[in-house]
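Observations on the model geometry
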Amino acid sequence: TLRFNFMLLPFKTACKLPFLLYGKCELGVLRGEVEFLHKPYKGMVKIGITDPFRSIECTTFLCLTGLLQIGKEVVFRRGTHIEINGTIHVEDYSYIGDCGCIKVAKFVHLGYGLRVGNNTTIMDTDFHYVINTANRLIKDNSLPIIIGDSNWIGGNCIIKKGTQTPKGTIVAGPYSMLSKDYTKLIPEYSLVAGSPAKLLVENVRRVNN
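Presented here is an overview of the structure given in this document. (Residues numbered from 1 in each chain as written. Predicted model: local features only at pLDDT ≥ 70, side-chain atom pairs only at ≥ 80, totals over all residues. Heavy atoms only, no water.)

Side chains Ser190 and Val192 project from strand β21 (residues 190–193) onto one buried face, and the interleaved Leu191 and Ala193 project onto a second face that is buried too. Here strand β19 (residues 170–171) runs beside β21; their pairing, made up of 2 bridges, is parallel. Counterpart to isoleucine 170 in the pairing with β21 is leucine 191. Across 4 bridges, the pairing between β21 and strand β22 (residues 198–202) is antiparallel. Within the sheet, the bridge partner assigned to alanine 193 lies in β22 and is lysine 198. Taking the residues between adjacent antiparallel strands as the criterion, β21 and β22 are bridged by 4 residues, where glycine 194 takes a positive phi near 110°. (Buried < 20%, exposed > 50% of the residue type's maximum accessible area, 1.4 Å probe, protein only. Helix = DSSP H or I, 4+ residues; strand = E, 2+ residues; numbered from the N terminus. Pairing = 2+ DSSP bridges.)

Written out as structure tokens, the structure reads:
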């Protein structure tokens, strides 16, 4: 892997243009690090691509103060809000739809071949703490998110802290919400939906061609 400061790429790496930014893109604080999982090449990560019918007027936002570990042929479509304070590991061929939101406080893993629909939120933190008034305990407001390989998450869904999914999970239905470890509850290649999401169908897989 190659690792370097996001703000000062080595010339031999920068001239390969591994990141391609399209359209309106606002850059926040960029003092984190990038770790490529493969030898960099032109356009291995595309940020802000769109089409005339969805988010052409939207602005993409990127803030990186943590660590971005990223594979090849990764796409973040236009209007996506990406804020990385912890570590995010993005496997090859991951695709994040338009106008989504990814906020990483500690750790998020996005599996190989992930597909995420428009306007979906992935956040490993609640941001705010609450206290148990009986025993004075304050729980951590952040838990890792681990999305399995070949998952398909539909539009307008919410993936909250502590979510873990097995390989081939399909999250169907707008406004479905996941917030627990499904690897212990459902088999691979299952379809879940609802808020909170529940198992609906087993032995289903998205057709990609």
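Right, let's get into the layout of surface pockets. The space that makes up the largest pocket amounts to roughly 190 Å³. Gly113, Ser150, Asn151, Arg206 and Asn208 are the residues nearest the centre of the largest pocket, which is lined by 13 residues in total. Residues belonging to the lining of the largest pocket are distributed by class as follows: 5 nonpolar, 5 polar and 3 charged. (1 Å grid on protein atoms, 1.4 Å probe; cavity = no way out; pocket = protein on both sides within 12 Å on 5 of 7 lines; lining within 4 Å. Points joined across faces, edges and corners; volume = space filled by probe spheres on them. Nonpolar A, V, L, I, M, F, W, Y, C, P; charged D, E, K, R; others polar.)

A few words now on the pattern of salt bridges. Per the stated rule, a full pass over the model turns up 9 salt bridges. The salt bridge involving arginine 77 is made with aspartate 51; its shortest N-O contact spans 2.9 Å. Taken together, the positions of arginine 77 in strand β8 (residues 74–77) and aspartate 51 in the loop between β5 (45–49) and β6 (60–64) put the pair 26 residues apart, joining distant regions of the chain. Looking at arginine 77, the relative accessible area reads 7%, which means it is buried. Salt-bridge contacts for aspartate 98 lead to arginine 54; the nearest nitrogen and oxygen are separated by 3.7 Å. With aspartate 98 in the loop between β11 (95–96) and β12 (101–104) and arginine 54 in the loop between β5 and β6, this residue pair connects regions lying 44 residues apart in the sequence. With relative accessibility at 1%, the residue aspartate 98 sits in the buried group. Among the charged side chains, a network of salt bridges with common partners joins Asp51, Arg54, Arg77 and Asp98. (Salt bridge = Lys/Arg side-chain N within 4 Å of Asp/Glu carboxyl O.)

That's the geometry; what it means functionally is another story.
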